[in-house]
Amino acid sequence: MKIILFTDSLGAGGAQRQLVGLALMLKNEGLNIKVSTYFDIDFYKQYLDDNGVCNELIPDADNKKKRIFAVRSYLKKEKPDWVIAYQETPSLVASIAKLLGGDFKLIVSERNTTQSIGMNERVRFFLYRWADAIVPNSYSQEKFLVEHYSWMKTKIRTITNFVDLNRFSYVSRKRRKIPQILVVATIFDSKNAIGLIEAANILKNKVYAFCIKWYGYVDTYIQYYNQCVSLINKYKLNENFILLPKTKQIEEKYKEADYFCLPSFYEGTPNVICEACSTGLPVLCSDVCDNYIFVHERENGILFNPKSPIDIAEKIEVILKQSDEEYNNYCINSRKNAELLLSDNIFLQKYLKIINK
């Protein structure tokens, strides 16, 4: 059986991380796997090459005007049995390719929780009629889709993200005198860096010692990044709040941290929360979408209102005041949650169930 996993690029995003992992799992099941993209961004290319997973750029598909027909021609030439599309635009393009006579079965994937229905969403969701399965990675997105498009109910198969529990192994920790709070997310508006900076200023004025390290700078969102830098300078938070580029050494960053934080306004299933739990980090995150499934209040983390810097600051204050015993219990419970909910085998078997049906 030949399967093409299709997305925009091999960039450093969470969707790509899941797709690359799925590609390797399916290859190890003995299936003929190829990863196909249209932008030449190669953050994960070396990983695929090292593991013998075929990957290539689709000719001319980087051109927006040519993309649909370039992808259609490519799939016609490749003759896959299945196409698994990750992210909004690739899912839309793959649906059109099938509508235009594509002789393959199609899985489209929803990686976020839709906040409103505009023209792009209307077109994409209409085209999902040509998909054989619709796979949200969160139950909040499943609920949204079924409420607004009842016809999707028979096609939806929610598959939450997986974590490589061996790669992201449990780390026994002793908190630093100046606790390090890790954030791993692209620095742009929906991830709410400005809200966390405002909260950090409140904590600093209460004379709390802490250091927030946010790995997520990319050139694409330079205007928002500059706003964050200006705010950090205004509040004199340069020693408390450090903005850094995305990193391939993500496992090391989890090991070095005392806590993990994700203040985003909305999510699907965040890879980084799952990975942080797997390494045994206590997690502070927004009380949105599916986060509550992985972060259990006062057991392995704390949820906050991302729209309120005051609430964010108060919740961080609570966790900074923990006793060593409470902290250790949070660490242990985070790993337990990961082992229970985030197995790569569960993730793989759900995809195989769709493919083999």
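Residues numbered from 1 in each chain as written. Predicted model: local features only at pLDDT ≥ 70, side-chain atom pairs only at ≥ 80, totals over all residues. Heavy atoms only, no water.

## Describing the pairing of strand E8 (residues 211-217)
Reasoning step 1: The element E8 is largely enclosed, with a buried count of 5 among its 7 residues.
Reasoning step 2: Each parallel crossover has a hand, and for strand E7 (residues 180-184) linked through helix H7 (residues 193-205) to E8 it is right-handed.
Reasoning step 3: As paired elements, E8 and strand E9 (residues 241-245) share 5 bridges and run parallel to each other. Paired with Tyr215 across the two strands is Leu244, which belongs to E9.
Reasoning step 4: With respect to chirality, the unit in which E8 leads through helix H8 (residues 222-234) into the neighbouring parallel E9 is right-handed. (Buried < 20%, exposed > 50% of the residue type's maximum accessible area, 1.4 Å probe, protein only. Helix = DSSP H or I, 4+ residues; strand = E, 2+ residues; numbered from the N terminus. Right-handed = clockwise from strand over helix to strand, strands pointing away. Pairing = 2+ DSSP bridges.)

## Thoughts on the sheet that holds strand E12 (residues 301-304)
Reasoning step 1: Read from one edge to the other, the open sheet built from 6 strands follows the order E9-E8-E7-E10-E11-E12, with strand pairing classed as parallel. In this open sheet, the two edge strands, each paired with only one partner strand, are E9 and E12. Pairs of neighbouring strands in the sheet enclose a mean axial angle of 20 degrees, with direction left out of account.
Reasoning step 2: Of the strand pairs in this sheet, E7 and E8 are connected by 5 bridges, and their pairing is parallel. The partner of Val184 across the bridge, within E8, is Tyr215. (Axes fitted to C-alpha atoms, helices over the stretch in contact; angles between N-to-C directions.)

## Some thoughts on the sheet that holds strand E3 (residues 54-57)
By way of backbone hydrogen bonds, the strands of a sheet pair with one another, either parallel or antiparallel.
Reasoning step 1: If you trace the 6 strands from one edge of the open sheet to the other, you get E3-E2-E1-E4-E5-E6, paired in parallel fashion. Both edges of this open sheet fall to E3 and strand E6 (133-136), since each of them pairs with a single strand only. Taken over all neighbouring pairs, the strand axes of this sheet differ in orientation by 20 degrees on average, direction set aside.
Reasoning step 2: One ladder, built from 4 bridges, connects strand E5 (residues 105-110) with E6; its direction is parallel. When the bridges of E6 are listed, Val108 appears paired with Ile134.
Reasoning step 3: In the packing of helix H1 (residues 14-28) onto the sheet, contacts are made with strand E1 (2-6), strand E2 (32-37) and strand E4 (82-85), and the angle to E1 comes to roughly 170 degrees.
Reasoning step 4: Along the sheet, helix H3 (residues 67-78) contacts E1, E2, E3 and E4; its crossing angle with E1, the most-contacted strand, is approximately 160 degrees. (Contact = heavy atoms within 4.5 Å.)

## Section: the environment of Pro59
Reasoning step 1: Along the chain, the position of Pro59 falls in the loop between E3 and H3.
Reasoning step 2: The exposure class of Pro59 is exposed, given its relative accessible area of 55%.
Reasoning step 3: For the pair Pro59 and Asp8, spaced 51 residues apart in sequence, the C-alpha to C-alpha distance is 13 Å.
Reasoning step 4: Every residue in contact with Pro59, bar those within four places of it in the chain, is listed here: Ala70 and Tyr74.

Purely geometric stuff here, so don't read any function into it on its own.
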